[in-house]
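# Coordinate inspection notes
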Amino acid sequence: DFKIPLSRQSILVRVEGEVLRPGIYKVNSSDTLPEIVNRAGGYTENAYLYGSRFTRESVRQEQKTNLDRLIKKLEEQSATSLAVISQSQGSSSDAALSQAKISTAKLQVQQSIDRLKSLKPEGRISLNFDPTLENAKLSFPSLMLENGDKLTIPPRNSFVYVLGAVNIE
């Protein structure tokens, strides 16, 4: 495969959700996010722009690389810290208690690393919308489009999630 100039590459972008004409659109290398929304007929009156989800494959791959790097770094750091803990506990008078502490620390570290390994990067790009503004006042940022980009505009919800330090979530 040869790298060809961006101006001659085919760029396919997926637009779905609350737009008048959802689909996969072939765009030019100079096209931006607002232009593709206009080409899709604009958004419907039921659109919830603040909840829009814009993902990009190159960002997902970069997130995956960074996550793998983080996991490797944490594994190395945890191995070092566990070795230090076991050496410092070696002269302890209660060997069973020391061994239990080391085992607990190992388990906690391994659970944290396993949780990180289960994460799946999405490649999501923040659109920085102000949640207090109405749809009419919001505008998509002028991001240049890449092959494989995906924009999903969800419908407005008729309910509110209440999470956090409340009596009933």
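Here the structure is a predicted model, which is why all the values come from computation and not from measurement.

### Observations regarding the pattern of salt bridges
For the coordinates displayed, the defined rule picks out nine salt bridges. In this structure, the salt-bridge partner of Glu-122 is Arg-53, at a minimum N-O distance of 3.0 Å. Separated by 69 residues along the polypeptide, Glu-122 in the loop between helix H3 (95–117) and strand E4 (124–125) and Arg-53 in strand E3 (residues 53–55) bring together distant segments of the chain. Residue classification places Glu-122 among the partly exposed positions, given a relative accessible area of 41%. What you see here is one network of salt bridges that share partners, running through Arg-14, Glu-16 and Lys-150.

### What about the side chain of Asn-135?
Residue placement: Asn-135 occurs in the loop between E4 and strand E5 (150–153). Residue classification places Asn-135 among the buried residues on the basis of a relative accessible area of 10%. If near-sequence neighbours (up to four positions away) are discounted, Asn-135 is found in contact with Tyr-43, Ala-47, Tyr-48, Leu-49 and Arg-156.

### So, the nonpolar core
In this structure, Val-15, Leu-33, Ile-36, Phe-140 and Leu-151 are the most contacted members of the largest nonpolar core, which totals 21 residues. Sorting the residues of this core by element identifies strand E1 (11–17), strand E2 (23–27), helix H1 (33–39) and E5 as the ones contributing at least two each. In contact with Phe-140, not counting residues within four places along its chain, are Leu-33, Pro-34, Val-37, Leu-49, Ser-52, Leu-127, Phe-129, Leu-151 and Ile-153.

Basis of the calculations
Throughout, a residue's number is its position along its own chain's written sequence, starting from 1. Side-chain atom pairs in this predicted model are given and counted only at pLDDT of 80 or more, local residue features only at pLDDT of at least 70, and totals for whole chains, interfaces and linings cover all residues. The basis for every side-chain value is the complete set of heavy atoms in the structure, and neither hydrogens nor water enter the calculation. Whenever a carboxyl oxygen of Asp or Glu lies within 4 Å of a side-chain nitrogen of Lys or Arg, that contact is scored as a salt bridge. Strands are runs of DSSP state E lasting at least two residues, helices are runs of H or I lasting at least four, and both sets are numbered from the N terminus onward. Relative accessibility decides the category of a residue: with a 1.4 Å probe and only protein chains considered, values under 20% of the type maximum give buried, values over 50% give exposed, and everything between is partly exposed. We call two residues in contact when some of their heavy atoms are within 4.5 Å. Joining through side-chain atoms within 4.5 Å is the link that ties buried Ala, Val, Leu, Ile, Met, Phe, Trp, Tyr and Cys residues into a set, and such a set is a nonpolar core.

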